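Per-entry structural report
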Amino acid sequence: METNKEINFGYRKQKIKLLEWEVKFSFDQNSSMFWEPEFEIFMGDIDANGHHELTIDAILYYRPDKDNYAFMIKTRNVFRVGFYNDYSNKNFIISILMDVALAHTRAICLDKNMEEKLPLPLIPNFKPSMLHRYANIRLFTPSLIECSYERRHQSGKLNAIVGNMNIGIEEFRNYVIKFEPKPITHPDSIIAGLTHKEGEMQGYANFNYDYEHHEGDEWKMHIDYGMGILPIAEIKVRSSFLLHCKEEELFSIPVLSVIIEEAIINCNERFTEQCKVHNIEFDGSIPANDEQLKMHSQHVINQYFGSRKKDDINNNKMKNDPQPMTFGENTILITKGTFMILDEILFHNNAFDHKHNWEAVSECPIIEPFYLTLKANYMEIEKGEIQLTFFQTVLFYLCLDVALQMMISEHSDKLQAALIKNNFVPERQKEYIKFGNEFYKRLNKNLKDCGATITNLEARRDWASIIR
Amino acid sequence: MSVESLKEQLKIVSIELEEIIFSPELEKFRGKIDKISIGISMDLEKNFERDPVSHKRYESLAVYIKFILKDDVSKEFLASITATTQYEIRILKLSEVTPEFYLHLHTIAVEHCAGWFAYRAAGTALENYNLQHIGPEQFGNKVQEYIINIWG
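Residues numbered from 1 in each chain as written. Chains lettered and ligands numbered in written order. Predicted model: local features only at pLDDT ≥ 70, side-chain atom pairs only at ≥ 80, totals over all residues.

A word on the overall build of chain A
Worth spelling out the cut-off: Counting from the N terminus, the helices are DSSP H or I runs at least four residues long and the strands are E runs at least two residues long. Each residue is represented by a C-beta atom placed from its backbone, and any two residues with such atoms within 7 Å are regarded as in contact.
Along its length, chain A carries 14 helices and 11 strands. Considering only intrachain contacts with a sequence separation of at least 6, the fraction spanning at least 24 residues in chain A is 74%.

Here we look at the pairing of strand E4 (residues 77-90) of chain B
All names here are of chain B. Just so we agree on the cut-off: Any two strands are treated as partners once DSSP identifies two or more bridges connecting them.
Here strand E1 (residues 11-22) pairs with E4 via 10 bridges, running antiparallel. Bridge pairing links isoleucine 12 to tyrosine 87 in E4. For strand E3 (residues 57-71) and E4, the ladder comprises 13 bridges, and the chain directions are antiparallel. Note on E4: the bridge partner recorded for tyrosine 58 is arginine 90. What sits between the antiparallel neighbours E3 and E4 is a turn of five residues, in which lysine 75 has the positive phi angle 65 degrees.

Focus: the interface of chain B and chain A
Listed per partner, the contact involves 21 residues of chain B and 24 residues of chain A. Sort the elements by how many residues they give to the side of chain B that touches chain A and helix H2 (residues 99-121) of chain B lands first, with eight residues.

What about unusual backbone geometry?
The omega angle of the peptide bond from leucine 230 of chain A to proline 231 of chain A is 5 degrees, so this bond is cis rather than trans. Among the secondary structure elements, proline 231 of chain A is positioned in the loop between strand E8 (218-230) and strand E9 (233-244). Its identity as a non-glycine residue notwithstanding, histidine 55 of chain B has a phi of 65 degrees, on the positive side. Relative to the assigned elements, histidine 55 of chain B resides in the loop between strand E2 (36-50) and E3.

None of this, on its own, says anything about what the molecule does.
Here it is as structure tokens:
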């Protein structure tokens, strides 16, 4: 079938990397052998310029038959893609970039051939129609690339007036932290007595926040807004905003009201969208009202000036002594594995008691908004060195400790289905345990060398017994 | 005939990774390169071949690409890469060859350079640098002229 499309898009390559290659058994070139491609594709966050990060792992197998392969090569290709608001051609554009990823792999494979003196034929040109089919049926498996959160809609520009100042607010990211259908058969709906499809409904909401203060007057404000409608579903969405303003401007009713209102709108939109994805018929919403906005804003202001600001002053020294962390396969494995496991026990996997587990880890203090900020920062590691505060470093090692204990305890069985689905296969799990333990020991040694004493790390908790 | 249909019929028969050179002094630039100036040379050569079995004639298209990378401030040479991608396709009429198809032939050839460069640059001061693709602007307003020169 012919396709004739006018498409408008731009891309820029961020990374091309050989990830893996393997000669499984010796082979002679013969006409029955063939190349077969496979792709793992992930559409990541959107940046301030409205560009998406698209990661395409291209895996090429050289096969004697459909069940075996003699050789495989896998490359990672990271692009920045501008769709210019034209998402109707998204799959078509992805298929073009799959072709580009294949070209990279073809050249790398050829060089590898020469290095290793392999008798491999050239990876052929795969037909665009075939790549289109792949792009159309692809699964955005939230695998090792991005763990379990998903990219949401485009960033927006907002503003608020404080006194005579017009404060610009840039929404740079929003994503679903968790969505859980709660039909009439769900325990929460049963407990609430809402067991009739056409009957009464009950709505509830929850609110939390975190912020990051960078050099100068740059602030990142994260709003975690959750809402539930029984007997329909429950959702939690994080909306993140970037501001350049003074402390007293950010922590003011006008600015916070704008930010929180946008977060509530996002949450409602995502709720509607997720209901569609899960085939749930519902088109209602819980809109924000002025009283609610004022109440949440005042809560943030009180908490900031009452306690968090003082904590920040005490943390200043830590902030000035950030721990650099650099890109490396093991680091990425440890980082992504840790958050994948924690996401399961805290958000996604219903074999775990999420409420209990949050209460347990909060004592550390792995508090939900801190955890989400930590995860977002660590996920940047693939793009290069990240600078973490001392507090974040300690928090990560606490998360690592929990995750490692999960993997070597009986809890591991409950995690397997999700981990394998997310491409965290047993071989990677073994590496994770090995390198993760080494990583953990290294931190303890570093801390001791610095003369630091971190009680939370020194007295290791028995997470296998605590987590339920 | 759409560009997609022509792409379906295109065969990549060989890539010659001809030469990749990194400056022996590349390490001194580590972390100091603000901007890289890029020189690019491209050429497309068309020949007719005949299939030895079917005796049918077909076109052999060779796209030659060379990138030269220099530090934009000092103008010192950093690296260069040269590769040629050889395609085969049935004999094309001038009216069939669109600027999009012409660009596609070059794009894939450039991406071969990009893949090879990324692999070889790993561990050097240029490891985070990627050779970017070319766009129509690279040819100015002469694409149609080039197409006529080759297929006319």
